[in-house]
Amino acid sequence: MPVEEDRTLRALGLDKAPREHPLLYPGAWPRESGLLNGERLLPLDRLVYEDRVPVLAVGSNACPGQLRHKMAESGVITPVPMVRTRVTGVGIGVSAHVSRMGYVSHSPISARHTVRELFVIWLDARQLAVIDASEGVPRANGNFHRAWLPAPDVRIELDDGSTLPGAYVYVNRHGVLHDGTGAPRAHPGQRALLTGLLAGSPGLRELFGVSPEEFCARARADRRLCARGTRLFVEEEMVTVCGLERYVGSQQYGSPGTGASLAPPLM
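So, here's what we can say about the structure. Quick caveat, the model's predicted, so the values are computed rather than measured. (Residues numbered from 1 in each chain as written. Predicted model: local features only at pLDDT ≥ 70, side-chain atom pairs only at ≥ 80, totals over all residues. Heavy atoms only, no water.)

### Brief notes about the packing of aromatic side chains
Phase 1: Considering all chains together, one arrives at four aromatic pairs under this definition.
Phase 2: With 5.0 Å between their ring centres and 75° between their planes, Trp148 and Tyr168 make a pair best called edge-to-face. Of this pair, Trp148 sits in strand S6 (residues 144–150) while Tyr168 sits in strand S8 (residues 166–172), and the two are 20 residues apart along the sequence. As far as the burial class goes, Trp148 and Tyr168 line up, both buried.
Phase 3: For the cation-ring pair, Arg146 lies above Tyr168, with the distance from its terminal atom to the ring centre recorded as 4.5 Å. (Phe/Tyr/Trp six-rings, centres within 6.5 Å; stacked < 30°, edge-to-face > 60°. Helix = DSSP H or I, 4+ residues; strand = E, 2+ residues; numbered from the N terminus. Buried < 20%, exposed > 50% of the residue type's maximum accessible area, 1.4 Å probe, protein only. Lys NZ or Arg CZ within 6 Å of the ring centre and 35° of its normal.)

### What about the packing of helix H4 (residues 190–200) against helix H6 (residues 212–221)?
Phase 1: Between H4 and H6, whose axes approach to 9 Å, the crossing angle comes to 95°. Relative to H6, the element H4 is oriented roughly perpendicular. For the pair formed by H4 and H6, the contact residues are Arg191, Leu194, Thr195 and Leu198 on the first element and Pro212, Glu213, Phe215 and Cys216 on the second.
Phase 2: Tallied by class, residues from the contact of H4 with H6 come to five nonpolar, one polar and two charged. (Axes fitted to C-alpha atoms, helices over the stretch in contact; angles between N-to-C directions. Parallel < 35°, antiparallel > 145°, perpendicular 65-115°, else oblique. Contact = heavy atoms within 4.5 Å. Nonpolar A, V, L, I, M, F, W, Y, C, P; charged D, E, K, R; others polar.)

### Comments concerning the pattern of salt bridges
Phase 1: All chains considered together, the criterion is met by 13 salt bridges.
Phase 2: Residue Glu39 is joined to Arg68 by a salt bridge in which the shortest nitrogen-to-oxygen separation is 2.5 Å. Within this pair, whereas Glu39 is found in the loop between strand S1 (34–37) and strand S2 (40–42), its partner Arg68 is found in helix H2 (residues 64–73), the two being separated by 29 residues in sequence.
Phase 3: Looking at Glu39, the relative accessible area reads 48%, which means it is partly exposed. (Salt bridge = Lys/Arg side-chain N within 4 Å of Asp/Glu carboxyl O.)

### Considering the layout of surface pockets
Phase 1: Computed from the structure, the largest pocket encloses a volume of approximately 830 Å³.
Phase 2: In this structure, the largest pocket is lined by 36 residues; those nearest its centre are His97, Ser99, Ser134, Arg139 and Asn143.
Phase 3: At the level of elements, strand S3 (53–57), H2, strand S5 (106–123), helix H3 (125–134) and helix H7 (223–235) are the ones that each hand at least two residues to the lining of the largest pocket.
Phase 4: With four residues, H7 is the single largest residue contributor to the lining of the largest pocket.
Phase 5: Residue composition of the lining of the largest pocket, grouped by class: 14 nonpolar, 15 polar and seven charged. (1 Å grid on protein atoms, 1.4 Å probe; cavity = no way out; pocket = protein on both sides within 12 Å on 5 of 7 lines; lining within 4 Å. Points joined across faces, edges and corners; volume = space filled by probe spheres on them.)

### A few points about unusual backbone geometry
Phase 1: Omega for the bond connecting Tyr25 with Pro26 falls within 30 degrees of zero, at 10°, which places this linkage in the cis form.
Phase 2: Among the secondary structure elements, Pro26 is positioned in the loop between helix H1 (9–12) and S1.
Phase 3: Here the bond from Ala151 into Pro152 is cis, since omega is 5°, no more than 30 degrees from zero.
Phase 4: Take Pro152: it is sitting in the loop between S6 and strand S7 (155–157).

Pasting the structure below:
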């Protein structure tokens, strides 16, 4: 008899959550689509879930370990479909805020001709409320808005060649960091990013120390320090727009994090 494949997150190398290991941000992403069901990532039987909300994951929301951590923290145990897609029009920049989890996160940017493989996570109402809360959507001073990106502005192609009419994405309220020319800066990975930021800013070194390890430890220990670091990005003129701001508030379907907050029906 064939040996059953071990589909646990640990066996697949997907179990570590950046919330607990900030230098691993954005965490490990799966190699293929799957159904996150507790401690396992199982095969999917379909790619589209009409009764759920499609959310485009550009950072740690595509990491099963992180998703499991967020859901478990709120007592939500229902499975989450994670569908790998080819996305045209969205790139990955660097958030212009310091997370209290100890890292500087990915943030979506407008990238008209860029094609990337990204995950769409399909969320039910309770799961959407959890992810909204984790991104600060319900709070006036939260870090992200949830915005609907419609086709054809953004193309989201599934493995079977079909496309979605759009998906939600979390747009940073603080903007993104630029690369010195005014264009959004690419995110090279957490350790490389923090090393570069600290090397280039005496102000950041004064707040967060001289190494990525010190940065993470200090940020995780002090919410006010994270806010000071976020303000410093602005004071040192390191911030630009992400290009997706025009979608914020332009299309709303109910209140964030409620059962009424569903995307338009899929065609």
